[in-house]
Amino acid sequence: AMSYSSGQFAPQSFTAKLWYVNWPVLIVAGLIAAIGCAALYSVSGGSFQPWAERHAFRFLVATAIVLVMAMVRTEVWLRAAYPAYAIALVALALVPVFGTEALGARRWLNVWGMTFQPAELMKLALVAALARYYQWLPVQRVSHPLWAAIPIVMIAVPVILTLRQPDLGTAMLFGVVGLSLMFLSGVSIFYFLAGAAGAVAAAPLIWNNLHDYQRRRIETFLNPDLDPLGAGYHIAQSKIAIGSGGLSGKGFLLGTQSQLDFVPEKHTDFIVTILGEEWGFAGLAVLLGLFALLIALIIVMAWRCQNRFGRLVISGSAVTLFVYVFINVAMVTGLVPVVGVPLPLVSHGGTSMMTLMIGLGLAMSAHVHGGEGIRRKDVGRFW
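Given the structure is predicted, the values throughout are model-derived calculations rather than measurements. In this numbering scheme, every chain counts its residues from 1 along its sequence in written order. Note on the predicted model: pLDDT of at least 70 is required for a residue's local features to be given, and 80 or more for side-chain atom pairs to be given and counted; whole-chain, interface and lining totals, by contrast, use all residues. Calculated side-chain values reflect all of the structure's heavy atoms, with hydrogen atoms and water omitted.

### Observations regarding the overall build of the protein chain
And then number 1: Counting from the N terminus, the helices are the DSSP runs of H or I reaching at least four residues and the strands are the DSSP runs of E reaching at least two. What the protein chain contains, in helices and strands, is 16 helices and three strands.
And then number 2: Here the term buried applies to any residue with accessible area under 20% of the maximum for its type, exposed to any over 50%, and partly exposed to those in between, with areas from a 1.4 Å probe on protein chains only. Looking at the protein chain as a whole, 49% of its 383 residues qualify as buried.
And then number 3: Residues are treated as being in contact if the distance between any of their heavy atoms lies within 4.5 Å. Within the protein chain, counting contacts between residues at least 6 apart in sequence, those at least 24 apart form 73% of the total.
And then number 4: The method behind every accessible area is Shrake-Rupley, applied with a 1.4 Å probe, and residues are considered shielded solely by the protein chains displayed. Entry remark: accessible area of the protein chain is about 17800 Å², with carbon and sulfur atoms responsible for 70%.

Have a look at this one:
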């Protein structure tokens, strides 16, 4: 098979497809996951149980899933995009009625003894559905009011359903990723400026409709000393831990804030505090550098892909990763209010890792088959 940079052929045999897998992306992701294993090993007091071992196993399984997905032609994922979006939408709508409640939120569905978050499925389905829509839509129509309204509705419905759970962090992710794909598809910037003006005008209404705990988080963000032992406790301890690490850190397994359990949720949303305390600014710089490299490699994949569906699927993976990293790091350093967003490939949590890696699998499939054009019969009509 010829190189797909020629724009004519894509690899056909299993061996050729393995050759075209973007191995640097998987290697960098593996390095980030290894840092996560080390942090979880430290969090558990120098033991692979209960978190580090599971984390490593899940990453290996997720990597195998990425490779399997990379072997599948892009058209298969394109045809599955709308059905997956519809299923995820129905599941989100069922959460308020049949969902399982935990920690004051109703976000999970129990199906045949297995619990899952429909929002995680929607993270993948929304990107794929928008990519299919813009693959079908002629370029000259992307800024027409009618055709611009359809993706806005596709984004708004899951955002509204997710806010009802309530899950502000995931709703923000849907909005940012969806609007980013619209922008990358060529939608006029005037729509975004009008939307931003509307959001500012609606700020009082949005504030009045926030839950009490969400308002407390924002108030604590604006004034961290307002409730240092309550709503502000997470951020206060997080800043102490990161600041005490200095330039080079206290050393592996020597973080007092983490080992003495001052930092809450240290194995999930606040795992950056452990890395900052034990490895210091230098260690965090290395981690953020690896994330930047991973995002850059994914962007290059999107640039090389020669069909719109593939480019947008890959871009969606890059935007999702960036939003996760930005919000998590900004949250633990007090730059944004606290929301429940884990650090990708580092925080403990099988669902978030699998979601991210399956998204990477879609991107890898688009990369491996990037030299293929999408046939019109595979796109079909709008629906």
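### A look at the side chain of glutamate 120
And then number 1: Its place among the elements puts glutamate 120 in helix H5 (residues 118-136).
And then number 2: If we skip the residues at most four places from it in the chain, glutamate 120 touches Tyr324, Thr351, Ser352 and Thr355.

### Side note on the nonpolar core
And then number 1: If you look at the biggest cluster of nonpolar residues, it comprises 96 residues, and the most contacted ones within it are Ile32, Leu294, Leu343, Leu345 and Met364.
And then number 2: A total of 14 residues in this core trace back to one element, the largest contributor, which is helix H14 (residues 308-332).
And then number 3: When near neighbours in sequence (up to four residues on either side) are disregarded, leucine 345 contacts Ala29, Ile32, Ala33, Gly36, His55, Phe59, Leu294, Met353, Leu356 and Met357. Put simply, buried Ala, Val, Leu, Ile, Met, Phe, Trp, Tyr and Cys residues joined by side-chain atoms within 4.5 Å make one nonpolar core.

### Side note on the packing of H5 against helix H6 (residues 145-163)
And then number 1: One way to put it is that H5 packs onto H6 with a least axis distance of 11 Å and a crossing angle of 175 degrees. As the angle between them shows, H5 and H6 are arranged roughly antiparallel. Across the interface between the two elements, Met122, Leu126, Ala129, Leu130, Tyr133, Tyr134 and Trp136 of H5 pack against Trp147, Ile150, Pro151, Met154, Ile155 and Pro158 of H6. Interaxial angle, 0 to 180 degrees, is taken between N-to-C directions of lines fitted to C-alpha atoms, where a helix line uses only the stretch in contact. Relative orientations are named as follows: roughly parallel for angles under 35 degrees, roughly antiparallel for angles over 145 degrees, roughly perpendicular for angles from 65 to 115 degrees, and oblique for any other angle.

### Some details on the packing of aromatic side chains
And then number 1: Ring geometry is summarised as follows: Phe, Tyr and Trp rings, the Trp one being its six-membered ring, pair when their centres sit within 6.5 Å, and such pairs are stacked at plane angles under 30 degrees, edge-to-face over 60 and tilted between the two. Counted by the stated rule, this structure contains seven aromatic pairs.
And then number 2: Between tyrosine 133 and tyrosine 134, the aromatic rings sit 5.1 Å apart at their centres with planes inclined by 80 degrees, giving edge-to-face as the arrangement. Grouping residues by exposure puts tyrosine 133 and tyrosine 134 together as buried.
And then number 3: Ring pairing ties together the aromatic residues Tyr133, Tyr134, Trp136 and Trp147, which thus form one cluster.

### Section: empty space enclosed by the protein
And then number 1: The pocket and cavity definitions rest on a 1 Å grid over protein atoms only: a 1.4 Å probe that fits but cannot leave marks a cavity, an open set with protein on both sides within 12 Å along at least five of seven lines marks a pocket, and residues lining either have an atom within 4 Å of a point. Grid points are joined across faces, edges and corners, and a volume is the space filled by probe spheres set on the points. Enumeration over the complete set of coordinates arrives at five cavities of 30 Å³ or more.
And then number 2: Estimates place the volume of the largest cavity at around 140 Å³.
And then number 3: Surrounding the largest cavity, 13 residues form its lining, Lys123, Leu124, Ser317, Thr320 and Gly359 being those nearest its centre.
And then number 4: Here the lining of the largest cavity is built from residues that sort into seven nonpolar, five polar and one charged.
And then number 5: Of the pockets and cavities examined, the second largest cavity occupies roughly 60 Å³.
And then number 6: Taken together, Ala29, Leu294, Ile298, Ser317, Leu321, Leu345, Leu356, Met357 and Leu360 make up the lining of the second largest cavity.
And then number 7: Elements supplying a minimum of two residues to the lining of the second largest cavity: helix H13 (271-304), H14 and helix H15 (350-368).
And then number 8: It is H15 that contributes the most residues to the lining of the second largest cavity, three residues altogether.
And then number 9: Note that Gly is not counted as nonpolar here; it falls among the polar residues with everything else outside the nonpolar set of Ala, Val, Leu, Ile, Met, Phe, Trp, Tyr, Cys and Pro and the charged set of Asp, Glu, Lys and Arg. Taken together, the residues that form the lining of the second largest cavity break down as eight nonpolar, one polar and no charged.

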